[in-house]
Amino acid sequence: MRLIRLLQASACAATFAISIPQAVFSDDLERPDTAGIALACSGCHGSSGRGMGSIPAIIGIPESEFIRTMEEFQSGHRSATVMDRIARGYQHQDFVALARFFKSR
Ligand code: HEC
């Protein structure tokens, strides 16, 4: 009985170990959670990034320009009221995914 439990536990651990790298790989460029990350932007930039009031639109910006802008916000090289703090919460691959997401809106 104890041996069976041990086997079940190790089979479970093996399945878990295999599923983690798959999740990391599929997460790469076509990040399934991009729409979820973009939701964090829509509170200010509008549900599809078209801007709201004094907040600029972020749709249709060429990918490299979008990424550069976010990196400048992150490093503090671009003046900002809020985007410097927001950009610090993301990594380069998030900027790539967000650039693609909003470019096609
Ligand atoms: C709290 C409101 C708020 C949120 C949330 C927010 N932004 Fe912004 N965003 C702004 C404001 C305000 C500006 C103008 C720069 C500044 O004052 O910080 C801006 C500017 C930008 C710009 C530059 C646009 C231009 O033409 O100059 C980009 C790109 C951008 N935001 C992307 C994003 C992305 C991507 C997210 C989500 C990860 C996001 N923003 C979330 C308020 C917000």
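About the cut-offs
- Residues numbered from 1 in each chain as written.
- Predicted model: local features only at pLDDT ≥ 70, side-chain atom pairs only at ≥ 80, totals over all residues.
- Heavy atoms only, no water.
- Helix = DSSP H or I, 4+ residues; strand = E, 2+ residues; numbered from the N terminus.
- Expected span 1.5 Å × (residues − 1).
- Buried < 20%, exposed > 50% of the residue type's maximum accessible area, 1.4 Å probe, protein only.
- Arc of directions from axis to C-beta.
- Contact = heavy atoms within 4.5 Å.
- Near = heavy atom within 4 Å.
- Polar contact = N/O pair within 3.5 Å; in protein donor to acceptor, adjacent residues only side chain to side chain.
- Nonpolar A, V, L, I, M, F, W, Y, C, P; charged D, E, K, R; others polar.
- Phe/Tyr/Trp six-rings, centres within 6.5 Å; stacked < 30°, edge-to-face > 60°.
- Lys NZ or Arg CZ within 6 Å of the ring centre and 35° of its normal.

## Some words on helix α2 (residues 34-45)
A rise of 1.5 Å per residue sets the reference length of α2, with its 12 residues, at 16 Å; its end C-alpha atoms lie 16 Å apart and thus fit the reference within 8%. Turning to α2, its buried residues are T34, I37, A38, C41, S42 and H45. Burial along α2 is one-sided: seen end-on, the buried residues are contained in an arc of 160°. Looking at α2, the residues exposed on the side facing more than 90 degrees away from the buried face are L39, A40 and G43. On its buried side, α2 packs onto α4 (83-87) and α5 (92-103). One or two steps after α2, the chain reaches G46, where phi turns positive at roughly 90°.

## Quick notes on the site of the ligand
Neighbouring the ligand are 19 residues; C41, C44, H45, T81 and M83 lie closest to it. Within the side chain of H45, an N or O atom sits 2.8 Å from a nitrogen atom of the ligand. A distance of 3.0 Å separates an oxygen atom of the ligand from a polar atom in the backbone of V82. Breaking the shell around the ligand down by element, the ones donating at least two residues are α2, α3 (63-75) and α4. When its residues are assigned to classes, the shell around the ligand shows 15 nonpolar, 3 polar and 1 charged.

## Structural notes on the packing of aromatic side chains
Applying the stated rule across the entire model yields 2 aromatic pairs. Seen in terms of ring centroids, F101 and F102 are 5.2 Å apart; in terms of plane orientation they differ by 90°. Their pairing is edge-to-face. We note that F101, like F102, is buried. Each member of the aromatic cluster is reached from another via a ring pair, and the members are F66, F101 and F102. Sitting over the ring of F73, R78 keeps its end group 5.5 Å from the ring centre. Over the ring of F101 we find R105; its NZ or CZ atom is 4.0 Å from the centre of that ring.

## Observations concerning α5
In a regular helix each residue adds 1.5 Å, so 12 residues correspond to 16 Å; α5 covers 16 Å between its end C-alpha atoms and thus fits that length. Of the residues making up α5, those classed as buried are D94, F95, V96, A97, L98, A99, F101 and F102. Those residues of α5 hidden inside the fold are in contact with α2, α3 and α4.

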